[in-house]
Amino acid sequence: MCYERIRAVDTWRNGPGHYDCVFVSTDLSADGMCGLNIARVRLFFSLKHDGITYLCALVQWFKCVADSPDEITGMWVVELELLEDGARCVSVIHLDSIFRAAHLMPVFGGNFVPTNLTYSQTLNTFCTYYVNNFIDHHAYEIAF
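**Student:** Explain the layout of surface pockets to me, and be specific about the residues and the numbers.
**Tutor:** Each pocket or cavity is described by its volume, and for the largest pocket that value is around 410 Å³. His 18, Tyr 19, Asp 20, His 103 and Leu 123 are the residues nearest the centre of the largest pocket, which is lined by 21 residues in total. Elements with a minimum of two residues in the lining of the largest pocket: strand E2 (18–19), strand E3 (21–25), strand E8 (98–102), strand E9 (104–106) and helix H1 (122–125). Per element, the largest residue contribution to the lining of the largest pocket is 3 residues, and it comes from E8. Empty space within the second largest pocket amounts to approximately 180 Å³. Around the second largest pocket, the lining residues are Glu 4, Ile 6, Phe 44, Leu 95, Ile 98, Phe 99 and Arg 100. Grouping the amino acids of the lining of the second largest pocket by side-chain chemistry returns 5 nonpolar, no polar and 2 charged.

**Student:** Before we move on, can you summarise the pattern of salt bridges with the specific residues and values?
**Tutor:** One pass over the structure, following the stated rule, counts 3 salt bridges. Between Glu 4 and Arg 100 there is a salt bridge, with its nearest N and O atoms 2.9 Å apart. With Glu 4 in the segment before strand E1 (8–9) and Arg 100 in strand E8, the pair connects residues that are 96 residues apart, well separated along the chain. Among the residues examined, Glu 4 registers a relative accessible area of 40% and is labelled partly exposed. Assessed through its relative accessible area of 10%, Arg 100 is described here as buried.

**Student:** Let's hear about the packing of aromatic side chains: which residues, and what values?
**Tutor:** Scanning the entire structure with this criterion turns up 3 aromatic pairs. Each ring, one from Phe 62 and one from Tyr 129, has its centre 5.8 Å from the other, and the planes form 85°; the classification is edge-to-face. Here Tyr 129 lies in strand E10 (residues 128–131) and Phe 62 lies in strand E5 (residues 52–64), a separation of 67 residues in the sequence. Under the relative-accessibility criterion, Tyr 129 is labelled buried at 1%.

Cut-offs used in this document
- Residues numbered from 1 in each chain as written.
- Predicted model: local features only at pLDDT ≥ 70, side-chain atom pairs only at ≥ 80, totals over all residues.
- Heavy atoms only, no water.
- 1 Å grid on protein atoms, 1.4 Å probe; cavity = no way out; pocket = protein on both sides within 12 Å on 5 of 7 lines; lining within 4 Å.
- Points joined across faces, edges and corners; volume = space filled by probe spheres on them.
- Helix = DSSP H or I, 4+ residues; strand = E, 2+ residues; numbered from the N terminus.
- Nonpolar A, V, L, I, M, F, W, Y, C, P; charged D, E, K, R; others polar.
- Salt bridge = Lys/Arg side-chain N within 4 Å of Asp/Glu carboxyl O.
- Buried < 20%, exposed > 50% of the residue type's maximum accessible area, 1.4 Å probe, protein only.
- Phe/Tyr/Trp six-rings, centres within 6.5 Å; stacked < 30°, edge-to-face > 60°.

Next up, the structure:
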């Protein structure tokens, strides 16, 4: 069995926070990205109700830009999902709905990337991202 470590911490190795992205199962009857969404985990927590402990995550949602992967790269393109007032769309999900970690790469466009940009700022700087299905064979099999 393979294990992945998904992080959501305010500080990572005496530096800025580290908040991983994940594939979230949203439709078990659909194949590939049609049954998955992308989210960024901001917090892991648990709550107890009627004697039952629920393991949860607070996530920020991304939405697909199109109904199919990018024709040139073969990767899905996502953007941060925003509410009508411009606030980020967040929700609480059960940990069982997290399928696995996801790797997002910025769509850089035609502009130069600032030289002072760090890895911790990437998911807050760019508008759109590729869902990297070439990061490993598991991602390749599910993100089609």
